[in-house]
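Tertiary structure, described
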Amino acid sequence: MEQLTFHVPHMDCPAEEQLIRMQLAERTGIRRMTFDLPGRTLVITHSDDAALIERLLIALNLGAVLVARTEVAAIEATDEGDLQRRVLITVLAINAALFVIELITGLIAQSMGLVADSLDMLADAIVYALSLYAVGRAASHKQQVAKISGYFQLCLGILGMAEVVRRFLGAGDEPGFMLMIGISLLALSGNAASLVVLQRARSQEVHMKASWIFTTNDVLVNIGVIIAGILVFVTGSKIPDLLIGAFVFGMVGYGAFRILRMAR
């Protein structure tokens, strides 16, 4: 058993992490992969062909360079799939419930910020559902479901941005700031609960960092909608709501491009 430490300069977001996971999914000798996105470092514990692992990483054109190779004591194979499934089911349920609540209240309040955030929740729920489907499956399955997720999110982003433009040109009334703030606080609580669940899983060495980062971004979006609701109240204008809506739909579209790039 040995550990390979790679410096991967272009591994700067969860999309690259998932790309690497798919590339190495067929290597049954890999026991553990530890990703450090801020440090651009990947540590692989394996009993496989080290040269082949290195070639597979280099083929991704992320600049991967082997910087250390260390013999380690044999570790027991652990089935991380069960824990991953439990975590993904929990955060999937939270995101699906928040999607329904935010979409309904967003339409009632005529708030593009809430509608956009609800669709962002839906996009996350789809990612979690597809991740749940892909646990333990071959790389070809993961690529297929990633493409479905990417195209769906791209459609959501385009349709949402079109609605923002329509309302900016005069359609729709001033959104209800009280619902914007209240429901966003509820969504913030739900995302905080998801972070707790994901953090516990991460502390048990299950590599769910991508989901953790996505949910952290959701928390920032919730705070943005709350601020927009306050600005709507202070200014009496729907512009702050439209701006946060456009920003979130842009995030959904950007996430779609990242997923589609990963699935190529």
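Everything that follows concerns the structure shown earlier in this document.
Attention here is on the structure that accompanies the text.

Reading guide: rules and limits
Residues numbered from 1 in each chain as written. Predicted model: local features only at pLDDT ≥ 70, side-chain atom pairs only at ≥ 80, totals over all residues. Heavy atoms only, no water. Helix = DSSP H or I, 4+ residues; strand = E, 2+ residues; numbered from the N terminus. Buried < 20%, exposed > 50% of the residue type's maximum accessible area, 1.4 Å probe, protein only. Contact = heavy atoms within 4.5 Å. Areas by Shrake-Rupley, 256 points an atom, 1.4 Å probe, with all protein chains shown as cover. Pairing = 2+ DSSP bridges. Polar contact = N/O pair within 3.5 Å; in protein donor to acceptor, adjacent residues only side chain to side chain. Salt bridge = Lys/Arg side-chain N within 4 Å of Asp/Glu carboxyl O. Patch = residues over 30% accessible without salt bridge, like charges linked within 9 Å, V, L, I, M, F, W, Y side chains within 5 Å.

1. Observations concerning the overall build of the chain
Assigned secondary structure in the chain consists of eight helices and four strands. Burial status across the chain gives 47% buried among its 264 residues. A separation of at least 24 residues holds for 78% of the contacts in the chain among residues at least 6 apart in sequence. For the chain, the computed accessible surface area is about 12,500 Å², with 64% contributed by carbon and sulfur atoms.

2. Considerations on the pairing of strand β2 (residues 30-36)
Walk down a regular strand and you will see the side chains alternate between the two sheet faces. Pairing of β2 with strand β3 (residues 41-46) involves six bridges; the strand directions are antiparallel. Bridge pairing in β3 links isoleucine 30 to histidine 46.

3. A short note on the environment of aspartate 36
Assignment of secondary structure puts aspartate 36 in strand β2. Remark: the alpha-carbon pair of aspartate 36 and methionine 11, spanning 25 residues in sequence, is separated by 9.0 Å. Among the polar contacts made by the side chain of aspartate 36, one reaches the main-chain amide nitrogen of glycine 39 at a distance of 3.1 Å.

4. Observations concerning the pattern of salt bridges
Taken as a whole and judged by the stated rule, the model has two salt bridges. Where arginine 69 meets glutamate 2, a salt bridge forms, and the shortest distance between an N and an O atom there is 2.9 Å. Taken together, the positions of arginine 69 in strand β4 (residues 65-71) and glutamate 2 in strand β1 (residues 2-7) put the pair 67 residues apart, joining distant regions of the chain. For arginine 69, a relative accessible area of 54% translates into the label exposed.

5. With respect to a nonpolar patch on the surface
On the surface, a cluster of nonpolar side chains totalling about 600 Å² of accessible area is made up of Met161, Val165, Phe168, Leu169, Ile239 and Leu243. Residue assignment for the nonpolar patch shows that the elements contributing at least two residues are α5 (139-168) and α8 (239-262). Here the nonpolar patch takes three residues from α5, the largest share from any one element. If you trace the backbone, methionine 161 turns up in helix α5.

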